[in-house]
Amino acid sequence: KAGVTQTPRYLIKTRGQQVTLSCSPISGHRSVSWYQQTPGQGLQFLFEYFSETQRNKGNFPGRFSGRQFSNSRSEMNVSTLELGDSALYLCASSLGQIRIPNTIYFGEGSWLTVV
Amino acid sequence: AQSVTQLDSHVSVSEGTPVLLRCNYSSSYSPSLFWYVQHPNKGLQLLLKYTSAATLVKGINGFEAEFKKSETSFHLTKPSAHMSDAAEYFCVVSQDNQGGKLIFGQGTELSVKP
């Protein structure tokens, strides 16, 4: 079956603009998580959505937001872009069960460059 | 609180020799532990996972990891390195009551010399 699909794969934005990234999880998966990867900070958890509700949130400013649709597809939005937002944004999907170990699968990522 | 420490930022081995990537974890609850690999300009691929079923976990491409609770370690090994193993490796912990939230180590870059 198809894996986790992220679009767009590469994009360049100007400081102050906003950006929307999209993620389609594996069929049947209800949890979608987002991570930011930078050389300096490594991989950091942004947030998780499960059944259209934000279930977990990392330590990022309010400029970072997300949502999940009824078909489990998710979008994340970054407003008022800063140079430091340049990163690889990774989406991950899983069944999202609680108190049961989940296997989490990642997409190829969206490379965002802010100039 | 959970945390993961990868003890080496860079490991270099010769092709055909064993690989050892070290990881220590800290978790207040029963953890699930994972190793992911990331090749250049790629996403993350799951190598293996520990979920309390067996302490020695076998993964893809000949990799193994052993969960040692007394040492809070989850080291990744492979008997014989291949050139294609050159990549960044991440040790990851999650709590079963935290759904899709993962805590990543800083990564170990593995170089394989011919």
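Look a little higher up for the structure.
Owing to the predicted nature of the structure, the values given are computational and were not obtained by experimental measurement. For every chain, the first residue of the written sequence is number 1, and numbering continues from 1 onward in sequence order. Throughout, the order in which chains and ligands are written sets their labels, letters from A for the former and numbers from 1 for the latter. Reporting in this predicted model follows two pLDDT cut-offs: at least 70 for local features of residues, and 80 or more for side-chain atom pairs to be given and counted; totals over whole chains, interfaces and linings ignore these cut-offs and use all residues. With hydrogens and water excluded, all non-hydrogen atoms of the structure serve as input to the side-chain values.

Draft legend 1. Seen up close, the state of the cysteines. All names here are of chain A. Note on disulfides: each one is a pair of cysteine sulfur atoms within 2.5 Å. Applying the stated rule across the entire model yields two disulfides over all chains. Note that Cys23 is cross-linked by a disulfide to Cys91, the S-S spacing being 1.8 Å. With the S-S dihedral at roughly -60 degrees, the linkage between Cys23 and Cys91 falls on the left-handed side. Of this pair, Cys23 sits in strand S3 (residues 19-24) while Cys91 is found in strand S9 (residues 87-94), placing the two residues 68 residues apart along the sequence. Only DSSP runs of H or I reaching four residues or more are called helices, and only runs of E reaching two or more are called strands; each is numbered from the N terminus.

Draft legend 2. Spotlight on the environment of Thr20 of chain A. All names here are of chain A. Relative to the assigned elements, Thr20 resides in strand S3. Between the C-alpha atoms of Thr20 and Asp85, which are 65 residues apart in sequence, the distance is 13 Å. Contacts: residue pairs with any heavy atoms within 4.5 Å of one another. In this view, Thr20 contacts Pro8, Glu75, Met76 and Asn77; residues no more than four positions away in its chain are not counted.

Draft legend 3. Expanded view of the interface of chain B and chain A. Taken together, the contact between chain B and chain A spans 21 residues of the former and 26 residues of the latter. Summed over both partners, the accessible area lost on bringing two parts together, with a 1.4 Å probe, is the buried area. Both sides of the chain B and chain A interface together cover about 1,900 Å² of buried area, and 55% of this is carbon and sulfur. Just to be clear on terms, a salt bridge is a Lys or Arg side-chain nitrogen sitting within 4 Å of an Asp or Glu carboxyl oxygen. At the junction of chain B and chain A, the tally comes to one salt bridge. Note that Lys42 of chain B is salt-bridged to Glu108 of chain A, the shortest N-O span being 3.9 Å. Polar contacts, as counted here, are pairs of nitrogen or oxygen atoms within 3.5 Å of one another; within protein the pair requires one atom able to donate a hydrogen and one able to accept it, and residues that are adjacent in sequence qualify only if both atoms are side-chain atoms. Taken together, the links from chain B to chain A amount to four residue pairs in polar contact (both at pLDDT 80 or more). In terms of residues, the side of chain B that touches chain A owes the most to one element, strand S5 (residues 31-38) of chain B, which gives four residues.

Draft legend 4. Just the side chain of Ser22 of chain A, in detail. One can find Ser22 of chain A in strand S3. A distance of 2.8 Å separates polar atoms of two side chains, one belonging to Ser22 of chain A and the other to Arg73 of chain A.

Draft legend 5. Layout of unusual backbone geometry. Residue and element names in this part refer to chain A. For the peptide bond that leads from Thr7 to Pro8, omega is -10 degrees, which places it in the cis range. Although it is not a glycine, Thr80 adopts a positive phi angle of roughly 45 degrees. Topologically, Thr80 is positioned in the loop between strand S8 (74-78) and S9. For every residue, the accessible area obtained with a 1.4 Å probe (protein chains only) is divided by the maximum for its type, and the residue is called buried under 20%, exposed over 50%, and partly exposed between those limits. Judged by relative accessible area, which is 48%, Thr80 ranks as partly exposed.

Draft legend 6. Local environment of the sheet that holds S3 of chain A. Residues and elements named next belong to chain A. Read across the sheet, four strands follow the order S1-S3-S8-S7 without closing on themselves; strand pairing throughout is antiparallel. If you trace the sheet from one side to the other, it starts and ends with strand S1 (5-7) and strand S7 (64-68), each paired once. When strand polarity is set aside, the average angle formed by the axes of neighbouring strands in this sheet is 20 degrees. Only strands that DSSP links by at least two bridges are regarded as paired with each other. Relative to S8, S3 is paired through five bridges, and the arrangement is antiparallel. Helix axes are fitted to C-alpha atoms over the stretch in contact, other axes to C-alpha atoms as well, and angles between N-to-C directions run from 0 to 180 degrees.

Nothing here speaks to function; it is geometry throughout.
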